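Commentary on secondary and tertiary structure
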Amino acid sequence: DLGNTTYLQVLDTHTNKNLYGDACAALIKIQLASKPGVLPPYDEALLRRELQLFPDWYIAKYRGLTLDARQQAILDKAFSMIVANNLASPSVFVHRDYMPRNLMAPYPELLQNASSAQRLGAQLGVLDFQDAVYGPITYDIASLMRDAFLSWEEDFVLDVTIRYWQKAKAAGLPMLDDWLGDFGAFYKAVEWMGLQRHLKILGI
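Report follows, based on the coordinates. Since we're looking at a predicted model, the values are computed, not measured. (Residues numbered from 1 in each chain as written. Predicted model: local features only at pLDDT ≥ 70, side-chain atom pairs only at ≥ 80, totals over all residues. Heavy atoms only, no water.)

Some words on the layout of surface pockets
What the largest pocket holds in volume is close to 310 Å³. Surrounding the largest pocket, 14 residues form its lining, Arg96, Asp97, Arg197, Lys200 and Ile204 being those nearest its centre. With three residues, helix α9 (residues 183–203) is the single largest residue contributor to the lining of the largest pocket. (1 Å grid on protein atoms, 1.4 Å probe; cavity = no way out; pocket = protein on both sides within 12 Å on 5 of 7 lines; lining within 4 Å. Points joined across faces, edges and corners; volume = space filled by probe spheres on them. Helix = DSSP H or I, 4+ residues; strand = E, 2+ residues; numbered from the N terminus.)

Below, the structure is given as structure tokens:
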């Protein structure tokens, strides 16, 4: 029983740093369990199917627009760049909707004063994982920090993402060579992943 309290219900300026730290720790634990061949691949075909929701449903159906040849060429080029950048990332288990609405805080009374060990011992709950795949390691941290329903100031997003990057490296999770000593390179990859996700969300 994970209780009734989602992260979204308890996030505030007093708890968000602890909560996001715990969410990143739980995410790394999931990613460390990754094995190829267990979950469907988050491959080019799936990335492109998701991106196609944007022109099919947001541009054509919702906005009622038809792209001309020049506009279509620009969109096609952008989609190819997005897919290429995202497929360059190492693969791990990807939840695909790792955000506060799907994270449970079983013991809200621990949030303000407990140590990290006590909070993790409370077994943060993760819901809505039925669409999990094997794909870019950047996806879930982009999902967590670029939530479609919740926005944070950039300094907080950077702080959490840097801490995740440091802990992921220390845990031995797969990283591109240029990410190891350069957070900026890792953050750029997270931005590419966030772009794909939000174009998909616009289509949805």
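Having seen the model, we can carry on.
Let's talk about the pattern of salt bridges
Per the counting criterion, the structure on display carries six salt bridges. As a salt-bridge pair, glutamate 191 and arginine 146 come within 3.1 Å of each other at their nearest N and O atoms. Of the two residues, glutamate 191 sits in helix α9 while arginine 146 sits in the loop between α6 (139–145) and α7 (154–171), which places them 45 residues apart along the sequence. For glutamate 191, a relative accessible area of 38% gives the class partly exposed. Among the ionic contacts, a cluster of salt bridges with common partners joins Glu50, Arg96 and Lys200. (Salt bridge = Lys/Arg side-chain N within 4 Å of Asp/Glu carboxyl O. Buried < 20%, exposed > 50% of the residue type's maximum accessible area, 1.4 Å probe, protein only.)

Some thoughts on the side chain of threonine 138
Note that threonine 138 resides in the loop between β4 (133–136) and α6. In this structure, threonine 138 is in contact with Ser89, Trp179, Phe186, Ala189, Val190 and Met193, ignoring residues within four places of it in sequence. (Contact = heavy atoms within 4.5 Å.)

With respect to the packing of aromatic side chains
Scanning the entire structure with this criterion turns up 12 aromatic pairs. In this structure, arginine 101 packs its charged tip against the face of phenylalanine 149, placed 3.9 Å from the ring centre. (Phe/Tyr/Trp six-rings, centres within 6.5 Å; stacked < 30°, edge-to-face > 60°. Lys NZ or Arg CZ within 6 Å of the ring centre and 35° of its normal.)

Focus on the packing of helix α2 (residues 16–32) against α7
The description of two helices packed together rests on the angle between their axes and the distance between the axes. In the contact formed by α2 and α7, the axes pass within 10 Å of each other and the chain directions differ by 35°. In this structure, the crossing between α2 and α7 has a hand that is right-handed. Seen from α2, the contacting residues are Asn16, Lys17, Tyr20, Cys24, Leu27, Ile28, Gln31 and Leu32; seen from α7, they are Phe156, Asp159, Val160, Arg163, Tyr164, Lys167, Ala168 and Ala171. Residue composition of the contact of α2 with α7, by class: 10 nonpolar, two polar and four charged. (Axes fitted to C-alpha atoms, helices over the stretch in contact; angles between N-to-C directions. Left-handed = near helix turned anticlockwise from the far one by under 90°. Nonpolar A, V, L, I, M, F, W, Y, C, P; charged D, E, K, R; others polar.)

Describing α7
Taking 1.5 Å per residue, 18 residues should reach 26 Å; α7 reaches 25 Å between its end C-alpha atoms and fits that length. Residues of α7 that are buried: Phe156, Val157, Val160, Thr161, Tyr164, Trp165 and Ala168. When α7 is viewed along its axis, its buried side chains cluster within an angular range of 165° and face the same direction. In α7, the exposed positions angled more than 90 degrees off the buried face are occupied by Asp155 and Ala170. Where α7 is buried, its residues contact α2, α6, α8 (177–180) and α9. Backbone geometry just downstream of α7 places glycine 172 in the positive-phi region, at approximately 85°. (Expected span 1.5 Å × (residues − 1). Arc of directions from axis to C-beta.)

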